Amino acid sequence: MVAGVANSHSCSGRLPLMEFNHSFSVEKSVDQVWSTMLDLERVVPCVPDAQVIEKESDKKVTVQVKIRLGSMSMTYTGPAEIVEQDDKSHRAVLTGRAKEAGGQGNADARIAIQLTGSGDGTEVAIHSDVNVVGKAAQMGEGVIAGVTEAMIAAFSENLAERV
């Protein structure tokens, strides 16, 4: 698995917008992985401590996720939606906007997913733009980057089992 913070730049009054690039392999066909990635009710639970709490459509769900940052634990709830989907090139873009339960924080994400067939398996490339406000932002970019790396590692393992 390859991962890293690609770039961050300042946004007034917020933790800088963070960009993450991750890639990993799944030993299933590109069509099998693609089908799973587009099924939000199947893919959301691959994210550690995340669950779908309401399905609005095949492309939009309400998600709840518990995040642990150091000694703090926060629960975020909000919509996740597939906003772009290209079945031919196996590329999709998802957006999410979540509000912290009991707090004033929120998180926004835009996640681009690209699948490429590789022999009997699939290469998964994920580019994420993430913006965090509130208690989580106070923990700093380094802590959030570390938690994100761990979540993607667990996601890739869970996805491989679920496909």
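What you are looking at is a predicted structure, and each value in this text was computed from that prediction instead of being measured. (Residues numbered from 1 in each chain as written. Predicted model: local features only at pLDDT ≥ 70, side-chain atom pairs only at ≥ 80, totals over all residues. Heavy atoms only, no water.)

Our next topic: the overall build of the protein. A count of helices and strands for the protein gives four helices and eight strands. Along the protein, helices and strands appear, N-terminal first, in the series β-β-α-α-β-β-β-β-β-β-α-α. In terms of overall size, the protein behaves like a compact globule, its C-alpha atoms giving a radius of gyration of 15 Å where 163 residues would be expected to give roughly 15 Å. Dimensions of the protein, computed from C-alpha atoms along their principal axes, come out at roughly 45 × 30 × 25 Å. Each of the 163 residues in the protein was classed as buried or not, and the buried ones make up 39%. (Helix = DSSP H or I, 4+ residues; strand = E, 2+ residues; numbered from the N terminus. Rg over C-alpha atoms; globule rule 2.2 N^0.38 Å. Buried < 20%, exposed > 50% of the residue type's maximum accessible area, 1.4 Å probe, protein only.)

The next thing to look at is the environment of Thr75. Checked against the element boundaries, Thr75 lands in strand E5 (residues 72-86). Once the C-alpha coordinates of Thr75 and Glu100 are considered, the two residues, 25 residues apart in sequence, prove to be 5.7 Å apart. Ignoring anything within four residues of it in the chain, the contact list for Thr75 reads Gln64, Val65, Lys66, Lys99, Glu100 and Ala101. (Contact = heavy atoms within 4.5 Å.)

Attention now moves to the pattern of salt bridges. Scanning the entire structure with this criterion turns up eight salt bridges. Measuring nitrogen to oxygen at the nearest pair gives 2.5 Å for the salt bridge that ties Arg68 to Asp49. Taken together, the residues Arg68 in strand E4 (residues 60-69) and Asp49 in the loop between helix H2 (40-43) and strand E3 (50-57) connect sequence positions 19 residues apart. Under the relative-accessibility criterion, Asp49 is labelled partly exposed at 43%. Close ionic contact of Glu84 with Arg91 constitutes a salt bridge, the shortest N to O distance being 3.2 Å. Under the relative-accessibility criterion, Arg91 is labelled partly exposed at 29%. (Salt bridge = Lys/Arg side-chain N within 4 Å of Asp/Glu carboxyl O.)

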